[in-house]
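Chains, contacts and geometry: an overview
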There are 2 protein chains.
Amino acid sequence: MSNSSPATIEDVARIAEVSIATVSRAIHTPEKVAKSTRLKVDQAIAITGYTTNAMARSLRLGRSNMILVVAPDIGDPNFSNILIGLENEARAHGYGVLIGHTQNEPQRGLEYLKFLNSNQAAGLILFTGILPFGHRAMTARLPPCVGVFEPVFNGGIPYVGVDDAAGARKAVDLLIAEGHRKIAFIGDSRTKLAHNRRRAGYDAGLDAAGIPAAGRIVMEGDGTIESGRLALEQLFMRDDLPSAFMCVNDQTALGVMIGLKARGYDIPGDFSVTGFDDIPQASFMTPSLTTIRQPRTAIGKRAMALLLEMLSDGTSAETETEILLRPDLVVRNSVAAPSRQWAAR
Amino acid sequence: MSNSSPATIEDVARIAEVSIATVSRAIHTPEKVAKSTRLKVDQAIAITGYTTNAMARSLRLGRSNMILVVAPDIGDPNFSNILIGLENEARAHGYGVLIGHTQNEPQRGLEYLKFLNSNQAAGLILFTGILPFGHRAMTARLPPCVGVFEPVFNGGIPYVGVDDAAGARKAVDLLIAEGHRKIAFIGDSRTKLAHNRRRAGYDAGLDAAGIPAAGRIVMEGDGTIESGRLALEQLFMRDDLPSAFMCVNDQTALGVMIGLKARGYDIPGDFSVTGFDDIPQASFMTPSLTTIRQPRTAIGKRAMALLLEMLSDGTSAETETEILLRPDLVVRNSVAAPSRQWAAR
DNA sequence: ATGAAAGCGCTAACAG
DNA sequence: CTGTTAGCGCTTTCAT
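Chain A is annotated in an unreviewed UniProt entry as LacI family DNA-binding transcriptional regulator of Mycoplana ramosa.

Following this line, the structure appears as structure tokens:
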């Protein structure tokens with residue numbers, strides 16, 4: 001053990017007194033090798049501590065057994081649980097997962113493109129909303145690829161995520177059932193597909209409740225805590241306040257709640273707030289946040305399953321597949337009936 | 001552009017009407033190639049969109065230009081900022097970063113060990129506390145390796161992090177200056193080296209203040225939110241309450257604050273709380289958390305710089321180097337003088 | 001300044 | 001059932 005350089009297939013062959021081809025077979029197609037030979041090889045492997053040089057193997061095969069997960073922001077509170085789903089599914093099928101972090105810089109994306117071009121990864125999972133290396137057409141020969149968590153904007157890439165519209169609808173419906181009529185939506189429905197769909201759920205809910213478009217407040221917000229606080233400030237400045245804030249995600253909701261508390265308001269006494277995602281912090285905020293839960297691990301699992309299926313089928317990534325999982329409403333303490341000031345109007 | 005399979009060095013050679021050796025030289029040692037030739041090669045590269053097959057290159061060279069960052073828990077709120085430091089420094093030196101996630105399972109570590117054995121990574125950054133693949137001696141031929149954020153328990157591996165003892169000392173000193181005499185420490189000082197050092201800072205501070213060991217309360221807690229809440233409950237059960245909680249990290253502090261609020265206490269009116277790390281949420285908690293800031297990006301940068309230095313020096317990873325960065329006290333709203341009930345005693 | 005050729009470690013025909 | 005052999009795409013002597 002503990003030699004200067006790792007054992008190669010040749011070392012194993014020498015010790016087992018067989019050819020390197022036989023070693024390779026003993027490993028990958030043991031049924032094609034005599035039991036006695038297999039035994040000798042196994043022993044030699046144990047002695048040398050041999051592990052296949054994945055690089056040489058991949059070079060030879062023209063493909064690897066690694067899946068690259070590209071994420072623009074690894075700090076996203078949704079990421080880690082989705083990743084666990086991805087990893088476990090991959091592992092169950094003999095694949096490993098590597099994570100690439102682009103920090104939202106396209107330059108960084110190119111780095112991973114090179115990685116892919118070298119067949120260092122067999123497939124690609126895209127964690128948010130965009131192809132990190134320019135438009136699809138430009139990059140041509142991408143391996144099979146699946147988008148997760150947020151539909152991929154610029155390329156017909158299969159997608160696994162939550163049913164955003166249905167989820168948002170559950171949130172509005174709750175608010176409406178509590179008696180709210182003036183409900184603000186905060187999110188970036190122009191750039192982000194997921195936000196857009198949540199917005200659609202919001203509109204559908206208000207339509208169904210017979211609330212005219214004129215009575216709706218829609219604020220821009222890119223989904224950060226800051227964006228929530230900002231949107232709130234603008235609303236106060238305009239003096240056009242809703243009784244409830246339906247935020248496109250939990251971070252935005254947190255921003256809104258911070259702003260509201262800073263102004264001395266009580267939640268849900270004075271204003272109701274809902275989020276979307278059910279990030280881990282959601283249950284620790286004060287008040288705890290009523291929100292829509294994403295089945296994150298399940299999403300990861302399904303996305304990886306789809307990718308692996310494409311890999312074995314040789315299916316092109318051009319499919320317009322979308323797998324939408326059911327979002328659940330999580331009722332906590334940030335929603336109540338509108339305050340009297342609203343009932344009066 | 002957009003061919004069925006990526007261009008190889010041979011494609012480039014053919015178009016440039018030179019040998020593949022020349023192409024390789026034109027790329028890596030342009031000064032050894034006639035200017036005219038270099039031009040032809042550059043053009044051919046542009047035409048074909050050629051990028052070096054990193055796998056073939058690494059196989060030939062016996063080393064890659066990727067650094068593997070292994071993290072047991074990617075959801076750690078400290079991780080993403082350290083990662084950014086690591087990545088930026090790596091990139092500045094022509095290296096890429098790949099992240100491996102072990103979910104705390106040793107089995108998963110082995111996967112990445114294989115990756116390393118195949119020379120798919122030139123170096124290794126360990127993100128928390130342990131060698132994820134059993135004891136050092138067992139695994140023999142690891143590439144250069146640097147621990148970050150938490151000292152590596154089981155192997156003389158160089159380490160870059162914050163000065164835990166000094167940081168903890170700043171926290172106790174603040175508490176003592178505010179008038180606290182009975183200060184509880186919550187953390188896992190037996191298993192986790194970082195916790196252990198913070199504990200040392202706590203003890204040193206109390207020693208300096210002349211508070212006898214008998215007057216100290218030390219609770220076990222592994223650093224999760226839950227552990228904070230749990231430790232608090234135990235204290236209430238014992239009816240042995242401090243006036244201030246010095247938590248080993250911000251998550252623990254959050255757990256303590258949640259528990260305290262659930263019991264109807266006011267922070268910092270009834271109890272003071274301090275954390276350690278200054279995770280992003282720290283400023284959003286209510287009250288905002290007084291804590292010790294880790295210079296995360298700087299830590300990442302230094303760690304990567306050290307690793308790259310080892311890589312070029314060929315230095316062994318056996319060095320006992322420790323680079324300790326200065327932690328800063330961040331005063332927010334979770335600390336005040338002890339309540340009257342304490343002054344009375 | 002350039003080309004020919006060896007070989008990194010491995011797998012998959014193809015023979016035997 | 002097993003061995004021989006040809007590369008995967010690249011870098012690097014060694015000649016020229």
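Additional details are given in the paragraphs that follow.
We now examine the packing of aromatic side chains. All names here are of chain A. Applying the stated criterion to the full structure yields 12 aromatic pairs over all chains. Between F79 and F127 the ring centres are 4.7 Å apart and the planes differ by 75°, which places this aromatic pair in the edge-to-face class. With F79 in helix α5 (residues 79-92) and F127 in the loop between β3 (123-126) and α7 (136-139), this pair connects stretches of sequence that are 48 residues apart. Residue classification places F127 among the buried positions, given a relative accessible area of 1%.

For the rest of this paragraph, the subject is the side chain of T252 of chain B. All names here are of chain B. Within the element layout of this structure, T252 appears in helix α11 (residues 250-262). Its relative accessible area of 0% is what places T252 among the buried residues. Setting aside its immediate chain neighbours within four residues, T252 contacts I186, G223, T224, S227, G228 and C247.

This part covers the packing of helix α10 (residues 225-238) of chain A against helix α11 (residues 250-262) of chain A. All names here are of chain A. One way to put it is that α10 packs onto α11 with a least axis distance of 6 Å and a crossing angle of 50°. Between α10 and α11, the angle is such that the two are oblique. Our pair here, α10 against α11, has a crossing hand that is right-handed. Between α10 and α11, the contacting residues are I225, S227, G228, R229, L232 and F236 on the first element and Q251, T252, L254, G255, V256, I258, G259 and L260 on the second. Its residues assigned to classes, the contact of α10 with α11 comprises 7 nonpolar, 6 polar and 1 charged.

Residues and elements named next belong to chain A. Strand order in the open sheet formed by 4 strands is β7-β6-β8-β9, with parallel pairing between adjacent strands. At either end of the open sheet lies a strand with only one pairing partner, and these are β7 (217-219) and β9 (272-274). Between one strand axis and the next, the sheet turns by 20° as a mean value, whatever way the strands run. Of the strand pairs in this sheet, strand β6 (residues 183-186) and strand β8 (residues 244-247) are connected by 4 bridges, and their pairing is parallel. Each bridged residue has a counterpart across the sheet, and for I186 the counterpart in β8 is C247.

What follows concerns the interface of chain B and chain A. Counting residues at the interface gives 52 residues for chain B and 52 residues for chain A. Carbon and sulfur atoms make up 62% of the area that chain B and chain A hide from each other, which totals about 4,400 Å². Our enumeration of links across chain B and chain A arrives at 6 salt bridges. We note a salt bridge from R108 of chain A to E87 of chain B, for which the minimum N-O separation is 3.4 Å. Linking chain B with chain A are 16 residue pairs in polar contact (both at pLDDT 80 or more), by the criterion used here. For the side of chain B that touches chain A, the secondary structure elements donating two or more residues are α4 (54-61), β1 (66-71), α5 (79-92), β2 (96-101), α6 (106-117), α10 (225-238) and α11 of chain B. Classifying every residue of the side of chain B that touches chain A gives 22 nonpolar, 21 polar and 9 charged.

Attention shifts here to the UniProt feature "domain: HTH lacI-type" (unreviewed entry) in chain A. Within the UniProt annotation, "domain: HTH lacI-type" (unreviewed entry) is assigned to residues 7-61 of chain A. Across residues 7-61 of chain A, the secondary structure splits into 71% helix and 0% strand, with the terminal C-alpha atoms separated by 20 Å.

Another aspect to go through is unusual backbone geometry. The peptide bond linking I267 of chain A to P268 of chain A adopts the cis configuration, its omega dihedral lying at 5°. Checked against the element boundaries, P268 of chain A lands in the loop between α11 and β9. Put simply, T286 of chain B and P287 of chain B share a cis peptide bond, and its omega is -5°. Tracing the sequence through the fold places P287 of chain B in the loop between β9 (272-274) and β10 (291-293). Phi at N104 of chain A is positive, roughly 65°, even though this residue is not glycine. Its location among the elements puts N104 of chain A in the loop between β2 (96-101) and α6 (106-117).

This part is about the protein's contact with DNA strand D. Around DNA strand D sit 25 residues, and of these R25, T37 and R60 of chain A together with I9 and R60 of chain B come closest. Sugar plus phosphate, as a fraction of atoms of DNA strand D within 4 Å of the protein: 59%. Contact between DNA strand D and A34 of chain A: a phosphate oxygen at 2.8 Å from a main-chain N or O atom of the residue. Here a phosphate oxygen of DNA strand D and a side-chain polar atom of H28 of chain B are 2.5 Å apart. Mapped by element, the contributors of at least two residues to the surface near DNA strand D are α2 (20-28) and α4 (54-61) of chain A together with α2 (20-28) and α4 of chain B. With 5 residues, the single largest contributor to the surface near DNA strand D is α2 of chain B. Taken together, the residues that form the surface near DNA strand D break down as 11 nonpolar, 8 polar and 6 charged.

Moving on, we come to the protein's contact with DNA strand C. Around DNA strand C, the structure places 24 residues, and the nearest of them are I9, H28 and R60 of chain A together with R25 and T37 of chain B. Put simply, 65% of the atoms of DNA strand C that lie within 4 Å of the protein are in sugar or phosphate. Within the side chain of Y50 of chain A, an N or O atom sits 2.5 Å from a phosphate oxygen of DNA strand C. Contact distances for DNA strand C include 2.9 Å between a phosphate oxygen and a backbone N or O atom of A34 of chain B.

Expressed as a screw transformation, the operator carrying chain B onto chain A has a rotation angle of 180° and an axial translation of 0.0 Å, and the superposed copies differ by an RMSD of 0.1 Å. This pairing of chains is accounted for by a two-fold axis. Judged by C-alpha distance, I99 of chain B is the residue of chain B that lies nearest the rotation axis, at 2.4 Å. Mapped onto chain A, 100% of the interface residues of chain B are again interface residues, and the two copies thus contact each other with one and the same surface.

Once that is clear, we can look at the sheet that holds strand β8 (residues 244-247) of chain B. All names here are of chain B. Ordered in space as β7-β6-β8-β9, the 4 strands form an open sheet in which the pairing is parallel. Among the strands making up the open sheet, the edge pair consists of β7 (217-219) and β9. Each strand axis lies, on average, 20° off the axis of its neighbour in the sheet, ignoring direction. Contacting β6 (183-186), β8 and β9, helix α8 (residues 164-177) crosses the sheet at an angle of about 175° to β8. Relative to the sheet, helix α9 (residues 193-208) contacts β6, β7 and β8, its axis offset from that of β6 by approximately 170°.

Here is what the cut-offs are and how they apply
Residues numbered from 1 in each chain as written. Chains lettered and ligands numbered in written order. Predicted model: local features only at pLDDT ≥ 70, side-chain atom pairs only at ≥ 80, totals over all residues. Heavy atoms only, no water. Phe/Tyr/Trp six-rings, centres within 6.5 Å; stacked < 30°, edge-to-face > 60°. Helix = DSSP H or I, 4+ residues; strand = E, 2+ residues; numbered from the N terminus. Buried < 20%, exposed > 50% of the residue type's maximum accessible area, 1.4 Å probe, protein only. Contact = heavy atoms within 4.5 Å. Axes fitted to C-alpha atoms, helices over the stretch in contact; angles between N-to-C directions. Parallel < 35°, antiparallel > 145°, perpendicular 65-115°, else oblique. Left-handed = near helix turned anticlockwise from the far one by under 90°. Nonpolar A, V, L, I, M, F, W, Y, C, P; charged D, E, K, R; others polar. Pairing = 2+ DSSP bridges. Buried area = accessible area lost by both parts, 1.4 Å probe. Salt bridge = Lys/Arg side-chain N within 4 Å of Asp/Glu carboxyl O. Polar contact = N/O pair within 3.5 Å; in protein donor to acceptor, adjacent residues only side chain to side chain. UniProt positions renumbered as here; feature names shortened; annotations may be inferred. Near = heavy atom within 4 Å. Least-squares fit on C-alpha atoms with pLDDT ≥ 70 in both.

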